[in-house]
Amino acid sequence: MMADITPDEVLDCRKLVCPMPVLKTKKAVKGMPAGKILEVLATDKAAPKDITAWAKKAGVEVLKIEGDEEFKIYLKKSE
């Protein structure tokens, strides 16, 4: 695993349920420059799986996922 990751932006999706974490993540990543890292905070149990599935289709790299009740999902926008 990677060492500590320093995000360029943090998106708080805690207490939001599907599909909102994915929709908000998509919007946040779209507005970021390539190569930047987004940390998504989420409490929805489906968020890690849903965001990973979206990222794969969108060409966004999932760097790391942490947590079991409150998740931290680190994404890197493609160059």
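Definitions and cut-offs
Residues numbered from 1 in each chain as written. Predicted model: local features only at pLDDT ≥ 70, side-chain atom pairs only at ≥ 80, totals over all residues. Heavy atoms only, no water. Salt bridge = Lys/Arg side-chain N within 4 Å of Asp/Glu carboxyl O. Helix = DSSP H or I, 4+ residues; strand = E, 2+ residues; numbered from the N terminus. Buried < 20%, exposed > 50% of the residue type's maximum accessible area, 1.4 Å probe, protein only. Polar contact = N/O pair within 3.5 Å; in protein donor to acceptor, adjacent residues only side chain to side chain.

Observations concerning the pattern of salt bridges
Item 1. Counted by the stated rule, this structure contains 4 salt bridges.
Item 2. Glu70 is the partner of Arg14 in a salt bridge, and the nearest nitrogen-oxygen pair spans 3.3 Å. Placement of the pair is Arg14 in the loop between β1 (9-13) and α1 (20-30) and Glu70 in the loop between β3 (61-66) and β4 (71-76), with a sequence separation of 56 residues.
Item 3. What makes Glu70 partly exposed here is its relative accessible area of 37%.
Item 4. For Glu66, the salt bridge is made with Lys64, and the minimal N-O distance between the two is 3.0 Å.
Item 5. A relative accessible area of 27% means that Glu66 is categorised as partly exposed.
Item 6. For Lys64, a relative accessible area of 14% corresponds to the buried category.
Item 7. Through salt bridges with shared partners, one network takes in Asp12, Arg14 and Glu70.

Considerations on the environment of Thr25
Item 1. Note that Thr25 resides in helix α1.
Item 2. According to the relative accessible area criterion, Thr25 is buried, its value standing at 0%.
Item 3. Along the backbone, Thr25 and Asp68 are 43 residues apart, and their C-alpha atoms lie at a distance of 19 Å.
Item 4. In terms of polar contacts, Thr25 uses its side chain to reach the backbone carbonyl oxygen of Pro21, at 2.6 Å.

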